[in-house]
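Report on the structure
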Amino acid sequence: MRRLTDADYPLVVLALVLSAFGIATVYSAGQTDVSTSLAGLWRMQSLYLALGLGAAWVVSRARVRLLDNLTPVVYGGAVFVLLLLLFIGRGAGTGKSTHSWIYIGDVSIGQPSELAKIAVVLMLAKVLARGDAPKTLPELWKPAVVVAVPWVLIMLQPDLGTGLVFIAIFFAMLYWAGASWQLLVMVASPVVSLALAFSTRLWGAWFILIVLLIYWSRPHIGESVAVVAANLAFGVVAPFLWDHLSAYQQRRLLVYLDPSSDPLRGGYHVLQSQVAIGSGGWLGKGFTHGTQKRLAFLPEQHTDFIFPVLGEELGFVGVVVALGLFAWLMMRCIRIAARSQNPFASLVAFGLVAMLFFHVIENVGMTIGVMPITGIPLPFFSYGGSFMLACWIAVGLLIRLSLEGRGQADTLVI
């Protein structure tokens, strides 16, 4: 029988290295030539890491069977907290337009939506592991409800970034559960129609592809009609939705397509980020010596836009090292999912790697202008207690799943 000393050491070491790398970058983000409140944040981030390590240790001692049994309670608690946020939540800092944070006085105590992502992974795994892979649209109703309930509550805050993470988890776990790619494309097709409706040619080409896909895969007639009707409806309604968007919402979408159209407001974040990353060159300007960062031109340089700090100061080589570590970590996670003999455990592992992967892709993508700005943090790097805790709880779960996946579960139990 094995103990925690038999944990997946490469996984643990990779997470620790990324966390240390992140704390160093948060420290650098606070070294500015203008007065900011960022200088001491690396100490708090170190404390958050310590709390995350403790949480990972606790989670890694719970058997998968116990996790399976507790999943409905965890999911229900997450939904309750998200509902509570709509009444008592506030925006970050002094912002009042969102309901993502819980405050006691002037002190923030967390962003519960980060932990809700793990609850959704657990509950979705429990539902998908109970039966065969969904083969038709009606068979998707249970997993769809699992994701839709917290997704709606998140979007009411509103928090587009977290909402997108839930959607990514949904599609990734359906794929790992065995759902066909044709079914997944049909589920996603109405949203793609909505996104392409600004161009008649692109939307028309997409609609033809969907019709050909339906003809080739031959789903039930009711499903075929529903998919075609949904794509037609979303394509037709898109111009009306655009006309009813407020001016700032239209501007955000246009800025995503062309940041230079509003360089001092909507496009400022992306343009300053691109300047910082591009100026880093091959080897960067040196640790703590990034000029865009030191002059505080980078907005949110310790949280959502911490990646440009890395790119400016350590250059292309530093970026490749960081992304290589992320890739290695995710390969270890996929290996755990593939080796697990328990369907629930395998789905949880893949759901967690999908969560981390989407965070990395979206965060890096938005800083270089290829993804919309959504406020998604970079795992192990971005400053924040809730997300660091969520990342390390995910690591703790993966440690547990790796142990039981190799049949080494007998001695670790709460």
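Just above, that's the structure.
Residues numbered from 1 in each chain as written. Predicted model: local features only at pLDDT ≥ 70, side-chain atom pairs only at ≥ 80, totals over all residues. Heavy atoms only, no water.

1. Thoughts on the nonpolar core
Judged by nonpolar contacts, the single largest core of 100 residues is most densely connected at Leu352, Phe380 and Phe381. Residue contributions to this core peak at 14 residues, all from helix H14 (residues 343-368). (Core = buried A, V, L, I, M, F, W, Y, C linked by side-chain atoms within 4.5 Å. Buried < 20%, exposed > 50% of the residue type's maximum accessible area, 1.4 Å probe, protein only. Helix = DSSP H or I, 4+ residues; strand = E, 2+ residues; numbered from the N terminus.)

2. Let's talk about helix H4 (residues 113-128)
With 16 residues, H4 ought to run about 22 Å at 1.5 Å a step, and its terminal C-alpha atoms sit 22 Å apart, in line with that. Among the 16 residues that make up H4, 15 are buried, leaving the element largely enclosed by the rest of the structure. (Expected span 1.5 Å × (residues − 1).)

3. A short note on unusual backbone geometry
Unlike most non-glycine residues, Glu300 shows phi in positive territory, near 50°. Relative to the helices and strands, Glu300 is located in the loop between helix H12 (291-294) and helix H13 (307-339). The class for Glu300 is partly exposed, based on a relative accessible area of 42%. In this structure, Phe380 is a non-glycine residue whose phi angle is positive, near 70°.

4. Describing the environment of Leu196
As for its position among the elements, Leu196 is in helix H7 (residues 181-196). Taking the C-alpha atoms as reference points, Leu196 and Gly235, 39 residues apart in sequence, are found 7.8 Å from one another.

5. Thoughts on the packing of H7 against helix H8 (residues 200-217)
At a closest axis distance of 10 Å, the pairing of H7 and H8 adopts a crossing angle of 160°. In terms of their interaxial angle, H7 and H8 are classed as roughly antiparallel. Regarding H7 and H8, the two cross each other, and that crossing is left-handed. Contact residues: Trp181, Gln182, Val185, Met186, Ser189, Val192, Ser193 and Leu196 in H7; Leu202, Trp203, Trp206, Ile210, Leu213, Ile214, Trp216 and Ser217 in H8. Residues of the contact of H7 with H8, tallied by class, amount to twelve nonpolar, four polar and no charged. (Axes fitted to C-alpha atoms, helices over the stretch in contact; angles between N-to-C directions. Parallel < 35°, antiparallel > 145°, perpendicular 65-115°, else oblique. Left-handed = near helix turned anticlockwise from the far one by under 90°. Contact = heavy atoms within 4.5 Å. Nonpolar A, V, L, I, M, F, W, Y, C, P; charged D, E, K, R; others polar.)

6. A short note on the pattern of salt bridges
For the structure on display, the rule yields five salt bridges. As a salt-bridge pair, Glu312 and Lys285 come within 3.3 Å of each other at their nearest N and O atoms. Here Glu312, found in helix H13, pairs with Lys285, found in the loop between helix H11 (268-279) and H12; they are 27 residues apart in sequence, far enough to count as distant. (Salt bridge = Lys/Arg side-chain N within 4 Å of Asp/Glu carboxyl O.)

7. Section: the side chain of Gln301
In this structure, Gln301 sits in the loop between H12 and H13. In this structure the side chain of Gln301 is engaged in a polar contact, spanning 2.8 Å, whose partner is the backbone oxygen of Ala29. When neighbours within four sequence positions are excluded, Gln301 is seen to be in contact with Ala29, Thr32, Leu38, Lys293, Ala296, Ile306 and Val309. (Polar contact = N/O pair within 3.5 Å; in protein donor to acceptor, adjacent residues only side chain to side chain.)

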